[in-house]
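Chain by chain, the residues run as shown.
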Amino acid sequence: MEALIPVINKLQDVFNTVGADIIQLPQIAVVGTQSSGKSSVLESLVGRDLLPRGTGIVTRRPLILQLVHVDPGDARKNDDSGREGEEWGKFLHTKNKIYTDFDEIRQEIENETERVSGNNKGISDEPIHLKIFSPHVVNLTLVDLPGITKVPVGDQPKDIEVQIRDLILKHISNPNCIILAVTAANTDMATSEALKVAREVDPDGRRTLAVVTKLDLMDAGTDAMDVLMGRVIPVKLGLIGVVNRSQLDINNKKSVADAIRDEHAFLQKKYPSLANRNGTKYLARTLNRLLMHHIRDCLPELKTRINVLAAQYQSLLSSYGEPVEDQSATLLQLITKFATEYCNTIEGTAKYIETAELCGGARICYIFHETFGRTLESVDPLGGLSTIDILTAIRNATGPRPSLFVPEVSFELLVKKQVKRLEEPSLRCVELVHEEMQRIIQHCSNYSTQELQRFPKLHEAIVEVVTSLLRKRLPITNEMVHNLVAIELAYINTKHPDFADACGVMNNNIEEQRRNRMRELPTAVPRDKAPAAGPQGEQDGTGNWRGMLKKGEEAPGSGPGSPLKGAVNLLDVPVPVARKLSSREQRDCEVIERLIKSYFLIVRKNIQDSVPKAVMHFLVNHVKDSLQSELVGQLYKSGLLNDLLTESEDMAQRRKEAADMLQALQKASQVIAEIRETHLW
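Quick caveat: nothing in here was measured; it's all calculated off a predicted structure. (Residues numbered from 1 in each chain as written. Predicted model: local features only at pLDDT ≥ 70, side-chain atom pairs only at ≥ 80, totals over all residues. Heavy atoms only, no water.)

### Notes on the nonpolar core
(1) Moving on: Membership of the largest hydrophobic core comes to 69 residues, with the highest contact counts inside it found for Tyr342, Leu458 and Leu631.
(2) Moving on: Of all elements in the fold, only helix H10 (327–347), helix H11 (361–378), helix H12 (387–398), helix H13 (408–419), helix H14 (423–448), helix H15 (456–490), helix H18 (583–635) and helix H19 (641–644) reach the threshold of two or more residues within this core.
(3) Moving on: The dominant element in this core, judged by the number of residues it contributes, is H18, at 19 residues.
(4) Moving on: The residues contacting leucine 631, other than those within four sequence positions of it, are Ile335, Phe338, Ala339, Ile462, Val465, Val466 and Tyr636.
(5) Moving on: In terms of nonpolar packing, the next biggest core, distinct from the first, is built from 55 residues, Leu11, Val30, Leu67 and Leu142 among them. (Core = buried A, V, L, I, M, F, W, Y, C linked by side-chain atoms within 4.5 Å. Buried < 20%, exposed > 50% of the residue type's maximum accessible area, 1.4 Å probe, protein only. Helix = DSSP H or I, 4+ residues; strand = E, 2+ residues; numbered from the N terminus. Contact = heavy atoms within 4.5 Å.)

### Brief notes about H11
(1) Moving on: Helix length check: H11 (18 residues) gives 24 Å between terminal C-alpha atoms against 26 Å at 1.5 Å per residue, within 8%.
(2) Moving on: When the local axis directions of H11 are compared, the greatest deviation, roughly 35 degrees, occurs at isoleucine 367. (Expected span 1.5 Å × (residues − 1). Bend = angle between axes of the 7 residues up to and from the residue.)

### Structural notes on the sheet that holds strand S5 (residues 88–91)
(1) Moving on: Spatially, S6-S5-S7-S2-S8-S1-S9-S10-S11 is the arrangement adopted by the nine strands of the open sheet, whose pairing is mixed. Looking along the sheet, the strands with just one partner apiece sit at the ends: strand S6 (98–99) and strand S11 (239–241).
(2) Moving on: By the bridge criterion, three bridges tie strand S10 (residues 208–213) to S11 in an arrangement that is parallel. Bridge pairing in S11 places alanine 210 opposite leucine 239.
(3) Moving on: Seen against the sheet, helix H3 (residues 102–117) touches strand S2 (63–69), S5, S6 and strand S7 (128–134) and runs at an angle of roughly 170 degrees to S7.
(4) Moving on: Along the sheet face, helix H5 (residues 193–201) touches strand S1 (27–32), strand S9 (177–184) and S10 and points at about 155 degrees away from the line of S9. (Pairing = 2+ DSSP bridges. Axes fitted to C-alpha atoms, helices over the stretch in contact; angles between N-to-C directions.)

### As for the confidence of the model for the protein
(1) Moving on: Summing up the model confidence of the protein, the mean pLDDT is 77 and the portion of residues at 70 or higher is 79%.
(2) Moving on: Here helix H17 (residues 535–540) is the element of the protein with the lowest mean pLDDT, 44, and H15 is the one with the highest, 91.
(3) Moving on: Note that residues 77–83 has pLDDT below 50 and, in this model, 16 contacts with residues that lie over four places away or in other chains.
(4) Moving on: Scored below 50 in pLDDT, residues 532–566 shows 17 contacts in the model against residues more than four places distant or in partner chains. (pLDDT = per-residue confidence, 0-100.)

### Remarks on the pairing of S2
(1) Moving on: For S2, the tally of buried residues reaches six of seven residues, placing the bulk of the element in the interior.
(2) Moving on: Note that S2 and S7 share seven bridges and pair parallel. Opposite valine 68, over in S7, you have phenylalanine 133 as the bridge partner.
(3) Moving on: Strand direction decides the pairing type here: S2 and strand S8 (residues 140–144), joined by five bridges, are antiparallel. Each bridged residue has a counterpart across the sheet, and for leucine 67 the counterpart in S8 is leucine 140.

### A few points about the packing of aromatic side chains
(1) Moving on: Here the structure, examined in full by the defined rule, presents four aromatic pairs.
(2) Moving on: On the basis of an interplanar angle of 70 degrees and a centroid distance of 6.5 Å, the ring pair of phenylalanine 266 and tyrosine 271 is categorised as edge-to-face.
(3) Moving on: Looking at phenylalanine 266, the relative accessible area reads 22%, which means it is partly exposed.
(4) Moving on: Residue tyrosine 271 is classed as buried on the basis of its relative accessible area, which comes to 0%. (Phe/Tyr/Trp six-rings, centres within 6.5 Å; stacked < 30°, edge-to-face > 60°.)

### Some words on the pattern of salt bridges
(1) Moving on: For the structure shown, the criterion picks out 17 salt bridges.
(2) Moving on: Notably, a salt bridge pairs aspartate 609 with lysine 613, separated by 3.0 Å at the nearest N-O pair. Placement of both aspartate 609 and lysine 613 in helix H18 is noted, with a separation of four residues, approximately one turn of the helix.
(3) Moving on: The partly exposed category is assigned to aspartate 609, whose relative accessible area is 42%.
(4) Moving on: On the accessibility criterion, lysine 613 (52% relative accessible area) is exposed.
(5) Moving on: Salt bridges sharing partners connect three or more residues here, namely Arg61, Glu112, Arg115 and Glu126. (Salt bridge = Lys/Arg side-chain N within 4 Å of Asp/Glu carboxyl O.)

### Describing the pairing of S7
Residues in a regular strand project their side chains so that they alternate between the two faces of the sheet.
(1) Moving on: Summarising burial for S7: seven of the seven residues are buried, a large majority.
(2) Moving on: Of the two faces of S7, the one holding Ile128, Leu130, Ile132 and Ser134 and the one holding His129, Lys131 and Phe133 are both buried throughout.
(3) Moving on: Examined bridge by bridge, S5 and S7 share four bridges and lie antiparallel to one another. For tryptophan 88, the partnering residue across the bridge sits in S7 and is phenylalanine 133.

### With respect to the environment of lysine 416
(1) Moving on: Its location among the elements puts lysine 416 in helix H13.
(2) Moving on: With 183 residues separating them in the primary sequence, lysine 416 and tyrosine 599 have C-alpha atoms 10.0 Å apart.
(3) Moving on: With residues up to four places along the chain from it excluded, the contact list for lysine 416 reads Leu489 and Ile492.

Dropping the structure here:
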């Protein structure tokens, strides 16, 4: 299981090259307040002075410290001086430069911190990566974080506390991170900021280890026995006490090895029963063991995550496509693919099928049979026609002569008026299909042919050509639909087979009217027996037009004075707006209404059938058949190749990033694949 930590270090190196945080690797994060001894603990683990020291905020950037155990015989040479040493360090940002002088490492950390965070007391979340190779260390990956502070000092921003807190939470929120909560022994454990922050992200304490520093600085007469035994604040992974070097020891160049010996002597003297479970060496072994077990638990999930991400980036890279080599072939391929996808979307055989809403051919079918069909069915055959309108049309069609039968002209006049109402929904149907054909362009661009996103100018040109083709076909289709309605209006076919029943009804009504009229006529009287009209009869107005006048009225021109005196002006007689229809008028209106309704239903059925066919032929099928030839004719020109196949500015950069990430994930997958099951136990 000892081989697991180097594996994680390798993975850390792999992902550092692409600068990505997409994989949360197991690591140990050191958390504590300012000057609580975090950096001293890390130096004790390394065994060398390598970190900047001082008062106030010193650690202003996260330091990812990888400790790599090497065999004592494995020595490295410094590139510059040629000196050999059994311990050396390497920074990620200095590439392959090797540092054997740990004072240089400390100076490089300070320089790199100031380069990013500035000379003031500000902080940055960009980490410094440092690897230490030594025979005196155990394999560990640690992250030294800025100390928790409360009050801004110097020219620190006012929200320095929030900035540091967010930076710490960013690292320790990783579920694969072990939290090393450092607290000074000369402060109350109940006020420990490190344990408080750790508990926020790890309430169960499953991945928190507490370290108590400065055991030698406690007040006289007090000790940390209760704290180290876990009686004050229990921590599941345990509490370990250590003794750091004081600032005076550091100034006097006291070595870490001497400090560890003095620490051991102090623990044996002050806490003899706990000496073997405290101290820097025990802390190093404990961290090593915890990290190995933690890695073992995280490894299956880590392997799955890497494989899933590799598949995602492979798909992403494929969608970005390869750099264009043969422009003519690429252009022709993209045009053909778009045209094919456009036609497939209409046919319903597209690779990407929309699940949220109807699209393409299914939408066109819905427009024909649901939207258009229901709209036609909702048109009332007698809508807009009142009984008075029908009666007026009948009377107008008879001219000056009273009619014996219902005139056919009135039927034609009225039925044409009703059939004309079918034109507007028919043209609206064409418009809806045209809009859907436009939407298919966007659908193909977004879902089907992602390669077009690489070439925005080609995409715009294709959209323009297809839009232009649709725009060109729209008036032709509208004209055809208009003609379909005009054809129905041109000839009212009363011999239509479906109209025969209605004619039979009309004939029966006419026959019934004739019989009723015959019954109403008085019985015929022989001429020779008819009474002679005497003068009295004439005076009563029974045989003369004067009888039309009411009693007391004089016939026009018969009285004294002006011949027009007492004349009736017919134009001034008010015509009643509403009146009760006679039985004959009612029958005539019913006949016309039945005929109109019957013939209208026949025409509506024809229109409902013929308009979709016309739209399919003149618009949909024509665009499908001529789309590719239109695109090739408009775009496949040598002068347009360079312009159309110009990639968007960020596409090449995104392709490179995706390729680098994919390479890193594949390499990480290989690293994990090298682990045998025996390594896990």
